[in-house]
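Structural overview for review
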Amino acid sequence: MLYALCFLLFMIGLYCAVVKKNLVKIVIGLAIMEYAVNLFLIMLGYRVGGTAPIIGRGDIQAGAERLTAHFINSAVDPLPQALVLTAIVISLGSLALLISICIRIYDKYGTFDITEIRRLRG
Amino acid sequence: MKGMTIIVKTICGWVKVLIFLFGINIILFGHLTPGGGFAGGVILASSYVLMMLAFGREFVEKNLPIPLASRLDCFGAFLFAAVAILGLVFGGTFFVNFLYQKYLPGHALHLVSAGTIPLSNIAIGLKVGASLFLAIFALSAFRKDFQRPDAGGDNKRPVAGQE
Amino acid sequence: MAIFYILLFFMVIAAIIAVETKDLLGSVICVGAIGFGGSLMFLLLYAPDIAITQIVVEVLGLIILIRATISRDHTFITGEREFFGMVVSVAILLVIFLAGIKVFESLPPFGTPIFAKAPEAPSQTYIEKGLADTGAANVVAGVILDYRGYDTLGETTVLFTSILGATVILRTRSRKRLEEPDT
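Residues numbered from 1 in each chain as written. Chains lettered and ligands numbered in written order. Predicted model: local features only at pLDDT ≥ 70, side-chain atom pairs only at ≥ 80, totals over all residues.

Some remarks on the overall build of chain C
A count of helical and extended segments in chain C gives seven helices and zero strands. In chain C, which comprises 183 residues, the proportion classed as buried is 37%. Taking contacts inside chain C between residues at least 6 apart in sequence as the whole, the part at least 24 apart equals 33%. (Helix = DSSP H or I, 4+ residues; strand = E, 2+ residues; numbered from the N terminus. Buried ≥ 20, exposed ≤ 12 C-beta atoms within 10 Å, placed from the backbone. Contact = placed C-beta atoms within 7 Å.)

Some words on the interface of chain C and chain A
With 73 residues of chain C in contact, the opposing surface of chain A contributes 71 residues. Only α1 (2-20), α2 (24-44), α3 (48-69), α4 (83-103), α5 (122-134), α6 (139-147) and α7 (149-169) of chain C provide two or more residues apiece to the side of chain C that touches chain A. Counting residues per element, the side of chain C that touches chain A draws most heavily on α3 of chain C, which supplies twelve residues. Looking at the side of chain C that touches chain A residue by residue, the classes come out as 49 nonpolar, 18 polar and six charged. (Nonpolar A, V, L, I, M, F, W, Y, C, P; charged D, E, K, R; others polar.)

Focus on unusual backbone geometry
All names here are of chain B. Positive phi outside glycine occurs at Phe95, with the angle close to 70 degrees. Mapped onto the fold, Phe95 is located in the loop between α4 (66-91) and α5 (98-103). On the basis of neighbour count, Phe95 is assigned to the buried category, with 21 C-beta atoms found within 10 Å.

Concerning α4 of chain B
Compared with the 38 Å implied by 1.5 Å per residue over 26 residues, the 37 Å span of α4 of chain B between its first and last C-alpha is a close match. Buried residues of α4 of chain B: Asp73, Gly76, Ala77, Phe80, Val83 and Gly87 of chain B, and no others. Packing partners of the buried residues in α4 of chain B comprise α5 and α6 (117-140) of chain B together with α7 of chain C. Gly92 of chain B sits one or two positions beyond α4 of chain B and adopts a positive phi of about 100 degrees. (Expected span 1.5 Å × (residues − 1).)

As for the nonpolar core
By size, the foremost hydrophobic cluster in this structure holds 120 residues, and its most contacted members are Ile32, Ile99 and Cys102 of chain A, Val42 of chain B together with Ala15, Val31 and Leu60 of chain C. Both of domain 1 (1-72) and domain 2 (110-172) of chain C provide at least three residues apiece to this core. Not counting residues up to four positions away in its chain, the partners in contact with Leu60 of chain C are Leu92 of chain A together with Val42, Ala45, Ser46, Val49 and Leu132 of chain B. (Core = buried A, V, L, I, M, F, W, Y, C linked by C-beta atoms within 7 Å. Domains from an automatic or database assignment.)

Brief notes about the domain arrangement of chain C
Under the domain assignment, chain C is made up of domain 1 (1-72) and domain 2 (110-172). Between the C-alpha centres of domain 1 of chain C and domain 2 of chain C the distance comes to 24 Å.

With respect to the environment of Tyr48 of chain B
Residues and elements named next belong to chain B. Looking at the element boundaries, Tyr48 is found in helix α2 (residues 37-55). For Tyr48, a count of 22 C-beta atoms within 10 Å translates into the label buried. With 44 residues separating them in the primary sequence, Tyr48 and Met4 have C-alpha atoms 15 Å apart. Every residue in contact with Tyr48, bar those within four places of it in the chain, is listed here: Val60, Leu64 and Phe133.

Remarks on the packing of α6 of chain B against α7 of chain C
Where α6 of chain B contacts α7 of chain C, the axes come no closer than 9 Å and their chain directions differ by 20 degrees. With respect to each other, α6 of chain B and α7 of chain C are oriented roughly parallel. The way α6 of chain B lies across α7 of chain C gives a crossing that is left-handed. Only Thr156, Leu159, Phe160, Ile163, Ala166 and Thr167 of chain C of α7 of chain C make contact with α6 of chain B, whose side of the interface consists of Ile124, Lys127, Val128, Ser131, Leu134, Ala135 and Ala138 of chain B. Broken down by class, the residue content of the contact of α6 of chain B with α7 of chain C amounts to nine nonpolar, three polar and one charged. (Axes fitted to C-alpha atoms, helices over the stretch in contact; angles between N-to-C directions. Parallel < 35°, antiparallel > 145°, perpendicular 65-115°, else oblique. Left-handed = near helix turned anticlockwise from the far one by under 90°.)

Structure, rendered in structure tokens:
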């Protein structure tokens, strides 16, 4: 059920990117889709009653160079977190590029409407 | 971007130092506590964005000129690539953690440990911070100071504002 | 587990408001609310790295989005909606949504990660041998900078290129000063 709600968030962003005519609304739809995908990837690696994958002083067995069994059995998945970390920063870079294109289009055509931009030969 | 009132300027003058120090802490201890290079770099950039919003854009341009920010950005990327190539030179494989495996193991859970990971964190933090500062500076400095040729009589000229 | 439902409902309602309102500033603020809810979800899903990164990136993203909308006058779209095109799009999206729900049956239920079912998965190696192989106490930092360093190299390149593109597009100083009509 939680996966379904996350997928619904993705579908709302996709609807906004496909149907709307305002250029900034399309960019907002893309941003909503990126949030939904990152959230879904982290939800895949969740373990009920788990701990964050960060080793503290209490997770190393005294004397030996090994981790306690409690940590190994209750850590959440670190691999999706590593992939989502770079994805979040890349989404910021691409958002900056999209908004700079939108600002240029506004100053050339005077409007954000995509149907008008198709017709004016500016 | 113009500046704001005197109350906002005073508070931001004190708060920006705290934000900058917090960013450096998150970058340096990236291999021990949550955070790392990316989050710390974005926090460094946001301290400069706070200064831009409170004091105006010209003040920040005197403080951190654009060529210097651009060179910091390129230096961060170059340092990251250099760490990767030094892994090939010293370790035999591209991007291997040669400091941890051969020269400087350090103790676990201390600051000097994990080999080249703190160096990579510092490089990424510099790069991401300088890049995002440049992007937001360019967005706020965009102004129309060229004349568009008037193509057609009924093409309405927009009243887009800039500061 | 109830807190997850509450936060996801909050995010879905904020998304619906962001999509449907006519005011651009209001929809940008709702996108900020979605990002904030997402950051709280990351914190409750035991991912503190991601929570820190998401909250600061969302704040800078809001500043960038507001810069595009704050001083432009003609931001309201008037004109007729194409009714038929919208109905077809909504129907196709509904079909995709219902088909996607079926796929989630094949995933393990929420609360057991995938690597608990397959013991040869790399995540098990990363957790057990992370401290011994890399020396980093933060296993996620060890993964992105030691086990999977190539991905970080590619990500740095993508960020570099996109910011380069953004600053080049917004440059106006180096125009030729004499007027030449565009053909």
